[in-house]
Amino acid sequence: MYSKQSNQKWRPYVAGALAGLLAIGSAYATAKVMGKTAYLGTSTTFVRAAGMIEQKVWPERVAANAYFQKEKVKVDWQFMLVCGIFFGALAGSLIGREFEWDGMPSVWAKRFGPNPLFRAVCAFAGGAVAMFGARLADGCPSGHGLSGVMQLSVSGLAATACFFLGGVWVAKKIYRKGGRYG
Amino acid sequence: MDELLLGAMTGFLFGFLMQKGGVLRFDRQINALLFKDMTIVKFILSAILVGSVGLQWLADRELITLSHKAMNVGAVVIGGLLFGGGWAVAGFCPGTAVGALGEGHWHALFVIAGMLFGAALYAEAFPFLTDTVLAWKDFGKLGLPQALGVSPWLCIAVLWGAGIVVLVWCEHKRV
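Below is a summary of the structure that appears in this document.

### Some remarks on the overall build of chain B
Then step 1. Regarding its fold elements, chain B presents eight helices and two strands.
Then step 2. Ordering the α and β elements of chain B from the N terminus gives α-α-α-β-α-α-α-β-α-α.
Then step 3. Projecting the C-alpha coordinates of chain B onto the three principal axes gives extents of approximately 45 × 45 × 40 Å.
Then step 4. Within chain B, the fraction of its 175 residues that count as buried is 54%.

If you want it as structure tokens, here you go:
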């Protein structure tokens, strides 16, 4: 029948198409249940979560902050979506026996070496810049790349193009030297 | 049905599909940016092509309302490029970082921690940005059909054409 390899080849297409159906179904369901159409997205949740954490140590600052007021620090539909992503991915990987403890990505280690502290620092810094950019653009690859482009939003198309332009440029620069450790 | 439960169920399916799609891996994301492994592009494009048809169909029947984010030029372009740069170092976007934890890649925790910090930093920078970058040219909540003055279905047809060209190229190049 199908070789394991050709099965693997179809996965992104099938899973992606189903994700498209999920986006459609979700839009319909949220319009019905919430009276307001909601679209797949994740980065706003990070703002809310950051606000919740900051509230524990510095509540007045959060209360006085215009951005936290704008985005509202609370558990909402999207917050639950992001939590759900973790459990869905966990279920998928356990069912498919693809769960594996992994503390160091191999593409990174081949280029920059296996130092976990260096990786942790760079991961943190990269994440911070990425999220700052996402909030400035008002969306991430889920919000702009999937939902925005699906709706033919000009901002979605432009943002996604810039995500890839920025990503390709920096990736090329930092991975240019090739596998020094590989 | 409670909206929080709906969100959780939707997220569960989304995470499940991302895992099956193979997009929750640092290597896959970086190799996509290096044009060596276009798995994430195949996933995203497949979702977009299917989703665009269904969403427009529902919108035509007024069963949903489309929700465009503002085309604030400075914000979208600078923010987008910044995101891209950070993405190339972090190796995950917000959704896939959370999903990656579910596949066992605990190193994504550092990315998530950084993202939370970046979000808090943005909240601090927001007043300044409101007076600067965010105050530049803003075209508002704009859809491509309205911008070009054409039917959304024409845009979707072009999207399909472009999407198929990209996917065929990916398969042809075996990436």
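### Let's talk about the pattern of salt bridges
All names here are of chain A.
Then step 1. One pass over the structure, following the stated rule, counts ten salt bridges over all chains.
Then step 2. With a shortest N-O distance of 3.0 Å, D76 and R48 are connected by a salt bridge. Here R48 lies in helix α2 (residues 43-57) and D76 lies in the loop between α4 (66-71) and α5 (77-95), a separation of 28 residues in the sequence.
Then step 3. Residue D76 is classed as buried on the basis of its relative accessible area, which comes to 12%.
Then step 4. Here R48 falls in the buried class, since its relative accessible area comes to 10%.
Then step 5. Of the charged contacts, one joins E71 and R135 as a salt bridge, the two residues approaching to 3.2 Å between their closest N and O atoms. A residue pair is termed long-range when its members are at least 10 positions apart, and E71 in helix α4 and R135 in helix α7 (residues 116-137) qualify at 64 residues. Just as E71 is buried, R135 falls in that class too.

### Some words on the environment of C93(B)
Then step 1. Position of C93(B) among the secondary structure elements: in the loop between α4 (73-90) and α5 (94-102).
Then step 2. Sequence separation between C93(B) and W153(B) is 60 residues, and the spatial gap between their C-alpha atoms is 30 Å.
Then step 3. Residues within four places of C93(B) in sequence aside, it is in contact with P141(A), Q29(B), F83(B), W87(B) and M115(B).

### Focus: the side chain of N65(A)
Then step 1. By the secondary structure assignment, N65(A) is in the loop between α3 (59-64) and α4.
Then step 2. Among the polar contacts listed, one links the side chain of N65(A) to the backbone nitrogen of Y67(A), at a separation of 2.7 Å.
Then step 3. Here N65(A) is in contact with A123(B) and E124(B), once residues within four sequence places are set aside.

### Topic: the interface of chain A and chain B
Then step 1. At the interface, 116 residues of chain A touch 109 residues of chain B.
Then step 2. Here chain A is connected to chain B by two salt bridges.
Then step 3. For E171(B), the salt bridge goes to K9(A), with nearest N and O atoms at 3.2 Å.
Then step 4. Linking chain A to chain B there are 29 residue pairs in polar contact (both at pLDDT 80 or more).
Then step 5. Elements with a minimum of two residues in the side of chain A that touches chain B: α1 (4-34), α2, α4, α5, α6 (106-112), α7, α8 (141-150) and α9 (154-174) of chain A.

### Quick notes on a nonpolar patch on the surface
Then step 1. Together, Y28(A), V53(B), W57(B), L63(B), W153(B), W160(B), I164(B) and V168(B) make up an exposed nonpolar region whose accessible area comes to about 710 Å².
Then step 2. Elements with a contribution of two residues or more to the nonpolar patch: α3 (39-60) and α8 (152-172) of chain B.
Then step 3. In terms of residue count, the dominant contributor to the nonpolar patch is α8(B) (four residues).
Then step 4. For L63(B), the position within the fold is in the loop between α3 and β1 (70-72).

### Details of the packing of α5(A) against helix α1 (residues 3-21) of chain B
Between two packed helices, the angle of one axis relative to the other and the distance separating the axes together describe the packing.
Then step 1. Between α5(A) and α1(B), the least distance of the axes is 5 Å, while the angle of their chain directions is 40 degrees. Relative to α1(B), the element α5(A) lies oblique. Crossing angle aside, the handedness with which α5(A) passes α1(B) is right-handed.
Then step 2. Classifying every residue of the contact of α5(A) with α1(B) by side-chain character gives 15 nonpolar, nine polar and two charged.

### Overview of the side chain of T39(B)
Then step 1. Tracing the backbone through its elements, the reader meets T39(B) in helix α3.
Then step 2. Judged by relative accessible area, T39(B) falls into the buried class, the value being 9%.
Then step 3. At 2.5 Å, the side chain of T39(B) forms a polar contact with the side chain of D37(B).
Then step 4. The contacts of T39(B), once residues within four sequence positions are left out, are P12(A), G21(B), G22(B), V23(B) and R28(B).

### Things to note about unusual backbone geometry
A negative phi angle characterises most non-glycine residues, just as the trans form characterises most peptide bonds.
Then step 1. Unlike most non-glycine residues, R97(A) shows phi in positive territory, near 55 degrees.
Then step 2. Relative to the assigned elements, R97(A) resides in the loop between α5 and α6.
Then step 3. For R97(A), a relative accessible area of 78% puts it in the exposed group.
Then step 4. Its identity is not glycine, yet R174(B) carries a phi of approximately 55 degrees, on the positive side.

Thresholds applied
Residues numbered from 1 in each chain as written. Chains lettered and ligands numbered in written order. Predicted model: local features only at pLDDT ≥ 70, side-chain atom pairs only at ≥ 80, totals over all residues. Heavy atoms only, no water. Helix = DSSP H or I, 4+ residues; strand = E, 2+ residues; numbered from the N terminus. Buried < 20%, exposed > 50% of the residue type's maximum accessible area, 1.4 Å probe, protein only. Salt bridge = Lys/Arg side-chain N within 4 Å of Asp/Glu carboxyl O. Contact = heavy atoms within 4.5 Å. Polar contact = N/O pair within 3.5 Å; in protein donor to acceptor, adjacent residues only side chain to side chain. Patch = residues over 30% accessible without salt bridge, like charges linked within 9 Å, V, L, I, M, F, W, Y side chains within 5 Å. Areas by Shrake-Rupley, 256 points an atom, 1.4 Å probe, with all protein chains shown as cover. Axes fitted to C-alpha atoms, helices over the stretch in contact; angles between N-to-C directions. Parallel < 35°, antiparallel > 145°, perpendicular 65-115°, else oblique. Left-handed = near helix turned anticlockwise from the far one by under 90°. Nonpolar A, V, L, I, M, F, W, Y, C, P; charged D, E, K, R; others polar.

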